[in-house]
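Residue-level listing of the chains:
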Amino acid sequence: MAQILSGKDVSEEIRDKIKQEILEIQGQFPSFKPGLAIVQVGGREDSTVYIGQKLKNAAEVGVNARHVLLPNTATQQDIIKTVERLNLDPTVHGIIVQLPLDTSSPVDTHLVTNSIRPDKDVDGLHQVNAGKLARGDLEDCILPCTPRGCLELILKTGIDIAGKMAVVIGRSKIVGAPMSNLLTWHHATVTVCHSRTVNLADVARQADILVVAIGKSQLVQKDWVKPGAVVIDCGINTIEDASRKTGKRLVGDVDYEGVKDVASWLTPVPGGVGPMTVAMLLRNTLDQAKKALNRAKTASGWSLQLLKLNLKTPVPSDIEIAQSQTPKMISELAEEINLLQEEVDLYGKLKAKVSLKVLDRLQSQPDGKYVVVTGITPTPLGEGKSTTTIGLTQALGAHLMRNVFACVRQPSQGPTFGIKGGAAGGGYSQVIPMEEFNLHLTGDIHAITAANNLLAAQIEARMFHEATQTDEALYKRLVPTSKGKREFSTIQLRRLKKLGIDKTDPNSLTAEEVSSFVRLDINRETITWQRVMDTNDRFLRKIIVGEGKEEKGHSRVCQFDIAVSSEIMAILALTTSLQDMRERLGNMVVASSKAGVPVTADDLGITGALTVLMKDAIRPNLMQTLEGTPVFVHAGPFANIAHGNSSILADKIALKLVGKDGFVVTEAGFGADIGMEKFFNIKCRYSGLVPNAVVLVATIRALKMHGGGPTVVAGVPLPKEYTQENVELLEKGFENLQKQIENANKFGVPVVVAINGFASDTQAEKELVQKLARQNGAFDAIICNHWAEGGRGAGDLAQAVERACSQPSNFKFLYDVSLPIEEKIRIIAQEIYGADGIELSPEAKEQIERYKKQGFNDLPICMAKTHLSLSHDPTRKGRPTGFTLPIREARASIGAGFIYPLVGTMSTMPGLPTRPCFYDIDIDPDTEEIVGLS
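Presented here is an overview of the structure given in this document. (Residues numbered from 1 in each chain as written. Predicted model: local features only at pLDDT ≥ 70, side-chain atom pairs only at ≥ 80, totals over all residues. Heavy atoms only, no water.)

1. Quick notes on a nonpolar patch on the surface
Moving on, step 1. The grouping of Val49, Tyr50, Ile236 and Leu250 at the surface amounts to a nonpolar patch, some 350 Å² of accessible area in total.
Moving on, step 2. Counting through the fold element by element, Tyr50 comes out in helix H2 (residues 45–61). (Patch = residues over 30% accessible without salt bridge, like charges linked within 9 Å, V, L, I, M, F, W, Y side chains within 5 Å. Areas by Shrake-Rupley, 256 points an atom, 1.4 Å probe, with all protein chains shown as cover. Salt bridge = Lys/Arg side-chain N within 4 Å of Asp/Glu carboxyl O. Helix = DSSP H or I, 4+ residues; strand = E, 2+ residues; numbered from the N terminus.)

See below:
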């Protein structure tokens, strides 16, 4: 007499284990939640019942199962698109398509099941999983649920499968074929039978293990079964039974009543294999969720393939070096640093956008070490912060073999073609491809330009319409009747709420409420929003708009700024999510009303549209260095009127990808008194990230300039003071570096001075700077030669940075944001610049008082001053003292989240010089190779 092999009991044990395992993992990783998606097409009643059982069982064990229902009119393309969307969802670890499909359209079921990503195919039907199972790669595939459930039941009997004769009746792709493979790889001798097998009963009678899945009710009789055999009945059939209330009952493919007298173990129907199939579905989903968690936990285990440098002396031009290196395919780099395929959107072969969903996947991954590269007050030639950032990254990654990311800003095309050239680093420490880095990249700056100018157009249009229409006409057009219905849009409901109008029916507003709703009543004199373009064009610094025939009488004087000075660029760099960006864009104040009320982008109804234009730009751009280490290029805000740092999102994603033992090297614009101060007080305040070290870049030539050396002019040969040894001049100029070291130490972060060496520097000069820096508060000072040698030339710097990062972090902000605006400005002026105090112009005082009344006091300060001196006067070098800092104006970037006082005159639109860089830029029409970039 057979023992009953109850799938109901065994599946309950399995579900209990699954539930307990999930709870245990959640104890360590609270956000862990296995996700299952069940796609159903049409409304077959039996399918709906099965899905209901799966959803119920999933909820009981802690699996987050969702039912994705498509109509029976869904086409093959509709179904595959749904599956592909789920493939890209990191919260979904398992996907099944409920079969059979109930659709009125022709659908290739095999094509649909194969559209599920193999590692999410928890039904085990994908041809990749089937192929791996067939060749015995059981550890590297997902087992189909029913065969896996059958195997569990067989193992539950205690029988040793190895060496036994097994017969599988049925060869379906879902049960029979994979079941025979499973038994084979558990060392049974397996025979597969089917409808054309001759003497089927005789073959079945040889089986120690008999699995029946042929779909014929009670086919297998008592005399087909070897005495003592284990019989697994996978069939489920309906037969007539007058004794039942429904007139029908469920039976298997085995004659249960007869076979139970000869078998040793027998599964019932129902209550046998059926419950096991659901349990194995949940088991497979949990297994895949655990694998995803393990991938996240081991994401720091990179397999980086490095690129070898072919160093030449003398060092060739930047573009010659860049074009001589063959970069890796960006898809390969993404795979090496453990980015998933669905997290990377390729823009050609050598650059890509990276999804913000990486942060969700790796949320439990510890951050790496966070290093900011800044510099002393520079000469007009620059001191090599970008080059040092890349050289240090190459040293850490290609020579110390650490996981490391560089995070740099995207350069503006205006200076690239105008006065500055590119910003990809230099020499043998560059981002490649240099041409793509310096030109369009993935279009982020173009998106900012489009969004900025759409808002500018709406400001003019809204003022025009308000000036030419009655309240009633405005209201009729702003809230039109469509198909007999009149509704407020979501953004209009937000404006009503802001006005204190608690109504949702457009027809219920009073005349006074209508007027308040439709009239922004912008004071033209207070408009701060300008148009932008990514080109140096001095003739757009002041323009008149509204000179067209239909706009006569509505003209006004305004200007163009360069695109990277747009507040939208600053928002891109400071945002922490798509939702946060949307809120920041909506909060942008573009003007005040005649009553002094701030007018925002949200008031203008444009927030959603701006976010749509920026939806791709928010994702960081992945590139690589000359030595094959990864780089994020993202955002490029001005370092004078904005904070001049690459994006928070790039830094956050990079910190997760490198893992706790890795490094992220990010760059701050201009000298430490500007870029570093803003990095700490603005960027770190909004990101919540804690920096571990500062790398402070200095050059001998800049220190000599601060010691009283002759004026340095771009394009003019350096005077002999800079090309010959002059220790006295150098020692006097050290005071600027000394002050910048002090500034970094005020924030509680160790400072490593990087002496960026040039061929004209003498050993005595470099060693003097090293000695003075170490004596005056630097954690260490290192002589570097990464421009000529790549990562190898920054090896000592990398080791010093690693030692500095091992120190405890005592990071602190310079000021409390709740202090009055004037007090925060004074603290920065005195503590960072060395001023005696500040002097506010009447205009600045008036603006500051207005911001306080409008509720904007508790924002950080983003000082806009010259980068060529610690003071407001670019001619005062070294460490100026005895000066008062004049504050000419105080402006507000409410969306970005800072107040920016203006010290002196700030140009937001560069001009072209007599001989712009574009004279040297060209393309070979045959090879399409770009020449002349620098």
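2. Some thoughts on the pattern of salt bridges
Moving on, step 1. Applying the stated criterion to the full structure yields 52 salt bridges.
Moving on, step 2. With a closest N to O distance of 2.6 Å, Asp119 and Arg117 form a salt bridge.
Moving on, step 3. Residue classification places Asp119 among the partly exposed positions, given a relative accessible area of 26%.
Moving on, step 4. Among the charged side chains, a network of salt bridges with common partners joins Glu21, Arg148, Arg283, Asp287 and Lys290. (Buried < 20%, exposed > 50% of the residue type's maximum accessible area, 1.4 Å probe, protein only.)

3. Comments concerning the pairing of strand E2 (residues 35–41)
Moving on, step 1. Among the seven residues of E2, seven are classified as buried, and the element is accordingly described as predominantly covered.
Moving on, step 2. Covered by surrounding structure in E2 are Gly35, Ala37, Val39 and Val41 together with Leu36, Ile38 and Gln40, the residues of both alternating faces.
Moving on, step 3. Bridge count between E2 and strand E3 (residues 64–70): seven bridges; the pairing is parallel. Following the sheet pairing, Gly35 is matched in E3 by Asn64.
Moving on, step 4. Read as a crossover between parallel neighbours, the route from E2 over H2 to E3 is right-handed. (Pairing = 2+ DSSP bridges. Right-handed = clockwise from strand over helix to strand, strands pointing away.)

4. Thoughts on the state of the cysteines
Moving on, step 1. Within the structure shown, the criterion is met by zero disulfides.
Moving on, step 2. With no disulfide of its own, Cys407 lies 13 Å from the sulfur of Cys684, the closest cysteine sulfur.
Moving on, step 3. We note that Cys862 lacks a disulfide partner, and the nearest cysteine sulfur, in Cys684, lies 14 Å from it.
Moving on, step 4. Given a relative accessible area of 0%, Cys862 falls into the buried group. (Disulfide = S-S within 2.5 Å.)

5. Quick word on the environment of Thr481
Moving on, step 1. By the element assignment, Thr481 lies in strand E18 (residues 481–482).
Moving on, step 2. Between the alpha carbons of Thr481 and Pro506 there is a distance of 9.9 Å; along the sequence they are 25 residues apart.

6. Brief notes about the environment of Ala213
Moving on, step 1. You can see Ala213 is positioned in the loop between strand E7 (209–212) and strand E8 (230–233).
Moving on, step 2. Sequence spacing of Ala213 and Val175 is 38 residues, and the spatial spacing of their C-alpha atoms is 6.8 Å.
Moving on, step 3. Excluding anything up to four places from it in sequence, Ala213 contacts Ile169, Gly170, Val175, Cys234 and Asp253. (Contact = heavy atoms within 4.5 Å.)

7. Here we look at unusual backbone geometry
Moving on, step 1. With an omega of 0 degrees, the peptide bond between Val269 and Pro270 qualifies as cis.
Moving on, step 2. Relative to the helices and strands, Pro270 resides in the loop between strand E11 (265–266) and helix H10 (273–297).
Moving on, step 3. Looking along the chain, the bond that leaves Ile432 and enters Pro433 is cis, with omega of -5 degrees.
Moving on, step 4. Within the fold, Pro433 resides in the loop between strand E17 (429–432) and helix H16 (434–438).
Moving on, step 5. Phi at His187 is positive, roughly 75 degrees, even though this residue is not glycine.
Moving on, step 6. Positionally, His187 belongs in the loop between helix H7 (176–185) and strand E6 (189–193).
Moving on, step 7. Residue class for His187 comes out exposed when judged on its relative accessible area of 57%.

8. Notes on the packing of helix H28 (residues 727–746) against helix H32 (residues 821–833)
Moving on, step 1. Where H28 contacts H32, the axes come no closer than 9 Å and their chain directions differ by 130 degrees. With respect to H32, the axis of H28 lies oblique. The residues of H32 that touch H28, namely those facing Lys739, Asn743 and Lys746, are Glu831, Ile832 and Tyr833. (Axes fitted to C-alpha atoms, helices over the stretch in contact; angles between N-to-C directions. Parallel < 35°, antiparallel > 145°, perpendicular 65-115°, else oblique.)

9. Details of the nonpolar core
Moving on, step 1. Ranked by size, the top nonpolar core spans 136 residues in total, and within it Phe405, Leu455, Leu622, Phe632, Leu657, Phe680 and Leu737 carry the most contacts.
Moving on, step 2. If we skip the residues at most four places from it in the chain, Leu455 touches Trp529, Met588, Val590, Ala601, Leu604, Ile606 and Leu610.
Moving on, step 3. With 48 residues, the next largest nonpolar core counts Ile18, Val63, Leu151 and Leu281 among its residues. (Core = buried A, V, L, I, M, F, W, Y, C linked by side-chain atoms within 4.5 Å.)

10. Section: the packing of helix H18 (residues 471–478) against helix H20 (residues 511–518)
Moving on, step 1. In the contact formed by H18 and H20, the axes pass within 9 Å of each other and the chain directions differ by 65 degrees. The angle between H18 and H20 falls in the class roughly perpendicular. With respect to the hand of their crossing, H18 and H20 are arranged in left-handed fashion. On H20, the residues touching Asp471, Leu474, Tyr475 and Leu478 of H18 are Val514, Ser515, Phe517 and Val518.
Moving on, step 2. Class assignment of the residues belonging to the contact of H18 with H20 gives a composition of six nonpolar, one polar and one charged. (Left-handed = near helix turned anticlockwise from the far one by under 90°. Nonpolar A, V, L, I, M, F, W, Y, C, P; charged D, E, K, R; others polar.)

11. Here we look at a negative patch on the surface
Moving on, step 1. Together, Asp922, Asp924, Asp926 and Glu929 make up a negatively charged patch on the protein surface.
Moving on, step 2. Its location among the elements puts Asp926 in the loop between strand E36 (922–923) and strand E37 (930–931).
Moving on, step 3. Among the residues examined, Asp926 registers a relative accessible area of 72% and is labelled exposed. (Lys, Arg positive; Asp, Glu negative; His and termini not counted. Charge placed at Lys NZ, Arg CZ, Asp CG, Glu CD.)

12. Some points on the environment of Lys498
Moving on, step 1. Of note, Lys498 is situated in helix H19 (residues 490–498).
Moving on, step 2. Taking the relative accessible area as the measure of exposure, Lys498 reaches 46% and is therefore partly exposed.
Moving on, step 3. Here the alpha-carbon distance between Lys498 and Phe517, two residues 19 residues apart in the chain, equals 9.9 Å.

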